[in-house]
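Chains, contacts and geometry: an overview
The lines below spell out each chain.
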Amino acid sequence: LILALTASPGGAVERIEEVKRNLFIEAVHLKGERDRDVRTYVKPVKVEWRRVELPEHFITLKRLLEDQLEEHLSKLKEAGYLQSTREVPKRHLLELQQKLLAEREGKEPLLAHLAASLKLTHGLELLETQGIHALVNFLERLQAKSQQPGSSKADRLLASDRRTSVALSLAKRALQSGFSTHPKLEACLACVKEQLQNDPSSKILVFTNFRETAERLLELFLREGIRAEKLLGQSDRGGSRGMSQRQQL
C-alpha cells in the first residue's frame, strides 16, 4: 500500500475526484480541525478583517476590463450557457469550459469568448488584489502572446480591443506618476508596525498570492527599517527563481 499525505487535497469534491483518477487513488480520508484526534493539536486563530477602498484610478481600470468581460459573457448567455452575466464565479467558467470542450464541434467561437472571459477575470483579480504593477505585466504578456505565430483567438480578441490598449496606457501612466501601490500594502505595513510596537520580539508571517506582491512588501518593510526576508517555493515562475529546500530552511 502507498500512503500519501497532503495539506491541500482540493477545495471541491470534483477536484479531489480528479486527483484520485489521475493518481489511481482508491480512498481519501479527510481530517479537519473538528475531528476528535486532531482538535487537541489545533491552536485558536483570531481572524480580523480590515477593508480598504480602491483608489479612483483603480476603479477606472476595473471598468475597462469589466466592460469587455460583460460583452464576452453576453455571447455565452445568448447561446444559452449562462443565465446571467453578473458576478459569474471563475469556477463556473472553468466547468463550462470543460463542457464546451467535450462538445467541441462548432463551439470554437464560444470557446474563444469563454477563454477571453477567464483571462479578463484573472486580470481583474490581479488589479483588485495585487495592484497596477501586476495588471501591467499581465496586459503586456497578453499583447506579446497575441503577436506570436499560433496565438489563441482569445488573446487576439483581447489585444485588438481598444479598451485593452487604453487600460494598459492608463496603468503605465499611473506607474510613472507613482499612484500604483495597492492600498492593502500600506494597510499591511500598518498592521506589522502596530504589532512590532506592541511586542518588538514578534515574529510575523505575511502570505501573498503572487511573488511580485512579496517583492513589493519586502521593499516596503526594508524601507521602513523592518527586518524582513522573502520565502518562495522551489519552482521558477515568470523570471522569478525559486528557492531550494536548503535555502527555504
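How each quantity is defined
- Sequence order as written defines the numbering, with residues in each chain counted from 1.
- Per-residue local features are limited, in this predicted model, to residues with pLDDT of at least 70; the limit for side-chain atom pairs, both in listing and counting, is 80 or more; totals at the level of whole chains, interfaces and linings are taken over all residues.
- Excluded from the side-chain calculation are hydrogens and water; included are all heavy atoms of the structure.
- Numbering of helices and strands runs from the N terminus, with a helix taken as a DSSP run of H or I at least four residues long and a strand as a DSSP run of E at least two residues long.
- Only protein chains enter the accessibility calculation, which uses a 1.4 Å probe; a residue whose area is less than 20% of its type maximum is buried, one above 50% is exposed, and one in between is partly exposed.
- Should any heavy atoms of two residues lie within 4.5 Å, those residues are counted as being in contact.
- All accessible-area figures derive from a Shrake-Rupley calculation using a 1.4 Å probe, and residue coverage is judged against the displayed protein chains alone.
- His residues and chain termini do not enter the charge count, which takes Lys and Arg as positive and Asp and Glu as negative.
- To locate a charge, take atom NZ for lysine, CZ for arginine, CG for aspartate or CD for glutamate.
- Patches in this entry comprise residues that are over 30% relatively accessible and not in a salt bridge; like charges within 9 Å are linked, as are nonpolar side chains (Val, Leu, Ile, Met, Phe, Trp, Tyr) within 5 Å.
- By definition, a salt bridge exists where a carboxyl oxygen of Asp or Glu is found within 4 Å of a side-chain nitrogen of Lys or Arg.
- Throughout this description, the term nonpolar core refers to a set of buried Ala, Val, Leu, Ile, Met, Phe, Trp, Tyr and Cys residues connected via side-chain atoms within 4.5 Å.

Let us look at the overall build of the protein chain. Across its full length, the protein chain holds eleven helices and zero strands. Ordered by position from the N terminus, the helices and strands of the protein chain form the series α-α-α-α-α-α-α-α-α-α-α. Its C-alpha atoms put the protein chain at 60 × 60 × 35 Å along the principal axes. Here the protein chain holds 249 residues, and the buried ones make up 31% of them. At a minimum sequence separation of 6, the contacts of the protein chain that also span at least 24 residues come to 59%. Of the accessible surface of the protein chain, which amounts to about 18200 Å², a share of 51% is contributed by carbon and sulfur atoms. Between the mean site of the 41 positive side-chain charges and the mean site of the 34 negative ones, the protein chain shows a separation of 2 Å.

Our next topic: the side chain of His 113. Mapped onto the elements, His 113 comes out in helix 5 (residues 108-129). Relative accessible area serves as the criterion here: at 17%, His 113 is assigned to the buried category. Every residue in contact with His 113, bar those within four places of it in the chain, is listed here: His 72, Lys 75 and Leu 157.

Now for the environment of Lys 77. Tracing the backbone through its elements, the reader meets Lys 77 in helix 3 (residues 56-78). Lys 77 sits 34 residues away from Leu 111 along the chain, and the two C-alpha atoms are 13 Å apart. Apart from residues lying up to four places away in sequence, Lys 77 is in contact with Leu 82, Gln 83, Ser 84 and Thr 85.

As a further point, take unusual backbone geometry. Despite not being glycine, Phe 24 shows a phi value in the positive range, around 55°. Looking at where Phe 24 falls in the secondary structure, it is placed in the loop between helix 1 (13-23) and helix 2 (36-39). With phi around 50°, Glu 87 is a residue other than glycine that occupies positive phi space. Following the sequence through the fold, Glu 87 ends up in the loop between helix 3 and helix 4 (90-103). Taking the relative accessible area as the measure of exposure, Glu 87 reaches 77% and is therefore exposed.

This next bit is on a nonpolar patch on the surface. A grouping of Leu 23, Ile 25 and Val 28 is seen on the molecular surface, where their side chains present a nonpolar patch of about 250 Å² in accessible area. If you trace the backbone, Leu 23 turns up in helix 1.

To continue, consider the pattern of salt bridges. Counted according to the given criterion, the structure contains 18 salt bridges. As a salt-bridge pair, Glu 71 and Arg 163 come within 3.0 Å of each other at their nearest N and O atoms. Of this pair, Glu 71 sits in helix 3 while Arg 163 sits in helix 8 (residues 162-177); the two residues are 92 residues apart in sequence, bridging distant segments of the chain. Exposure remark for Glu 71: the relative accessible area of 44% places this residue in the partly exposed category. Overall, Arg 163 belongs to the buried group, its relative accessible area being 18%. Across the pair Lys 193 and Glu 224 runs a salt bridge, and its minimum N-O distance is 3.2 Å. Taken together, the positions of Lys 193 in helix 9 (residues 183-198) and Glu 224 in the loop between helix 10 (211-223) and helix 11 (245-248) put the pair 31 residues apart, joining distant regions of the chain. Residue class for Lys 193 comes out partly exposed when judged on its relative accessible area of 33%. The class for Glu 224 is partly exposed, based on a relative accessible area of 39%. Three or more residues are tied together by salt bridges with common partners; here these are Glu 48, Arg 50 and Glu 194.

The next point concerns the nonpolar core. Counting 36 residues, the largest nonpolar core has Leu 76, Leu 100 and Ile 132 as its most contacted members. Going through the elements one at a time, helix 3, helix 4, helix 5, helix 6 (132-146), helix 7 (153-160) and helix 8 are the ones with two or more residues in this core. With ten residues, the top contributor of residues to this core is helix 5. Those residues in contact with Leu 100 that sit more than four places away from it in its chain are Leu 76, Tyr 81, Lys 107, Leu 110, Leu 111 and Leu 114.

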